[in-house]
Amino acid sequence: MNPAQKLRTTRLDALARAGRTSWAVLGLVALVLMGAAVASTLSGILIPLVVAALFGTVLQPLTQRLQRLGMPPALGAALGLLLTLATVCGLVAVLVWGFLAQIPQISEQLAAGWVKLESWASSQHLEVDVLERFRAALADAAPEAGMGVLSFLTRTAYGLVSLGAGSFFAMFFLFFVLKDGHLFPGWLAGVTGQDPAVVRRVDAHVRSSLYGYFRGTALTAVLTAPIFAVPLVVLRIPLVVPIMVVYFFLSFIPIAGAWITGVFAVLIAFGAGGPGAALIVAASLLVSNGTIQSAVSSWALGS
């Protein structure tokens with residue numbers, strides 16, 4: 001084979017390899033897109049199933065203890081289900097009731113804050129007309145905001161229906177996770193053809209890690225709560241107990257839980273004590289959920 005033929009053969013081989021690689025990449029992209037579409041379609045079932053598995057793993061020691069005391073598995077699972085439902089409903093009620101109770105005070109503080117802002121602008125020889133034009137612009141935008149609120153409420157109604165359906169599936173799955181969760185390792189070993197002893201060890205390690213996370217997070221919340229609670233008591237902020245309940249339970253939700261707690265507590269502090277109290281509460285939350293929480297959680301969570 002002469003050099004020209006060798007070069008042509010090499011180019012053809014390179015082209016063939018590039019073609020196979022391109023088709024493989026396209027196949028991989030199609031597989032990922034198909035998986036994402038399937039996951040999106042089944043999200044209404046998959047998300048409640050994951051939530052039920054997490055709650056079931058945490059509550060299973062309680063149901064197992066009840067079973068060792070002679071209680072039927074179905075009754076123990078039902079009690080665990082009722083405990084979860086009461087906890088979630090109580091937390092939502094605390095959030096909604098606490099916020100709605102403070103709306104009049106928050107509105108008053110916002111109005112008073114606006115008056116103080118205008119007074120400060122006048123004392124600094126600033127253009128108060130700019131603030132008035134800004135307020136007029138807000139008033140003019142109120143009808144559009146109302147339409148936005150109407151659209152939001154429409155989406156919220158659809159979201160509430162989806163939330164209700166997801167909650168029903170989660171409670172349904174949770175009952176069977178609590179009742180028959182101990183059968184899962186043996187079933188998984190039979191389906192996958194793996195050694196049952198190995199599957200049981202992996203299952204035990206996963207459960208131990210989840211127990212450790214929830215136990216360490218609860219301990220961290222208990223130890224850092226006083227840092228957040230002291231300013232609330234000193235400033236005589238109302239609803240201290242509900243705020244601390246929200247602080248404890250939302251500590252189990254990484255990042256988002258702290259933000260929800262912060263908004264809830266700062267708004268109540270603003271309604272009760274004004275901007276200064278809100279600033280102090282926000283600072284105490286940043287301290288308790290910042291470096292101190294990192295130091296405590298590194299010890300509480302361990303490995």
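These numbers come from a predicted model, not from an experiment.

Thoughts on the overall build of the protein
- Within the protein one finds 11 helices and zero strands.
- Going residue by residue from the N terminus, the α and β elements of the protein occur as α-α-α-α-α-α-α-α-α-α-α.
- Buried positions account for 25% of the 303 residues belonging to the protein.
- When contacts within the protein are restricted to residue pairs at least 6 apart in sequence, those whose partners lie at least 24 apart make up 70%.
- For the protein, the computed accessible surface area is about 19,700 Å², with 74% contributed by carbon and sulfur atoms.

Structural notes on the packing of aromatic side chains
- Counting across every chain of the model gives 10 aromatic pairs.
- Between Phe168 and Phe169, the aromatic rings sit 5.8 Å apart at their centres with planes inclined by 65°, giving edge-to-face as the arrangement.
- The rings of Phe168, Phe169, Phe172, Phe173, Phe175 and Phe176 are connected pair by pair, giving a single aromatic cluster.

So, the nonpolar core
- If you look at the biggest cluster of nonpolar residues, it comprises 20 residues, and the most contacted ones within it are Phe228, Leu232, Ile243 and Met244.
- Listed by contribution, the elements that provide at least two residues to this core are helix H3 (73-123), helix H7 (196-234), helix H8 (240-250), helix H9 (256-273) and helix H10 (275-288).
- The biggest single contributor to this core is H8, with five residues.
- Ignoring sequence-local partners within four residues, the contact set of Phe228 consists of Ile243, Met244, Tyr247, Thr261, Ala265, Val281, Ser284, Leu285 and Ser288.
- The next biggest cluster of nonpolar side chains, apart from the first, holds seven residues, and it includes Ala52, Leu59, Leu81 and Leu174.

What about the pattern of salt bridges?
- With the rule as written, the count across this model stands at two salt bridges.
- In this structure, the salt-bridge partner of Lys179 is Asp180, at a minimum N-O distance of 3.3 Å.
- A salt bridge links Asp203 to Arg207, with the nearest nitrogen and oxygen atoms 2.7 Å apart. One end of the pair is Asp203 and the other is Arg207, both in helix H7 and four residues apart, which spans about a single turn. Accessibility classification places Asp203 together with Arg207 in one group, the buried group.

Considerations on the confidence of the model for the protein
- Overall, the predicted model of the protein reaches an average pLDDT of 76, with 76% of residues at or above 70.
- Predicted confidence in the protein is weakest over helix H4 (residues 128-140), with a mean pLDDT of 62, and strongest over H7, with 85.
- pLDDT under 50 marks residues 145-150. Its contacts with residues more than four places away, or in other chains, come to zero contacts.

Section: unusual backbone geometry
- Unlike most non-glycine residues, Arg236 shows phi in positive territory, near 60°.
- As for its placement among the helices and strands, Arg236 is situated in the loop between H7 and H8.
- Here Arg236 falls in the exposed class, since its relative accessible area comes to 75%.

Calculation criteria
Residues numbered from 1 in each chain as written. Predicted model: local features only at pLDDT ≥ 70, side-chain atom pairs only at ≥ 80, totals over all residues. Heavy atoms only, no water. Helix = DSSP H or I, 4+ residues; strand = E, 2+ residues; numbered from the N terminus. Buried < 20%, exposed > 50% of the residue type's maximum accessible area, 1.4 Å probe, protein only. Contact = heavy atoms within 4.5 Å. Areas by Shrake-Rupley, 256 points an atom, 1.4 Å probe, with all protein chains shown as cover. Phe/Tyr/Trp six-rings, centres within 6.5 Å; stacked < 30°, edge-to-face > 60°. Core = buried A, V, L, I, M, F, W, Y, C linked by side-chain atoms within 4.5 Å. Salt bridge = Lys/Arg side-chain N within 4 Å of Asp/Glu carboxyl O. pLDDT = per-residue confidence, 0-100.

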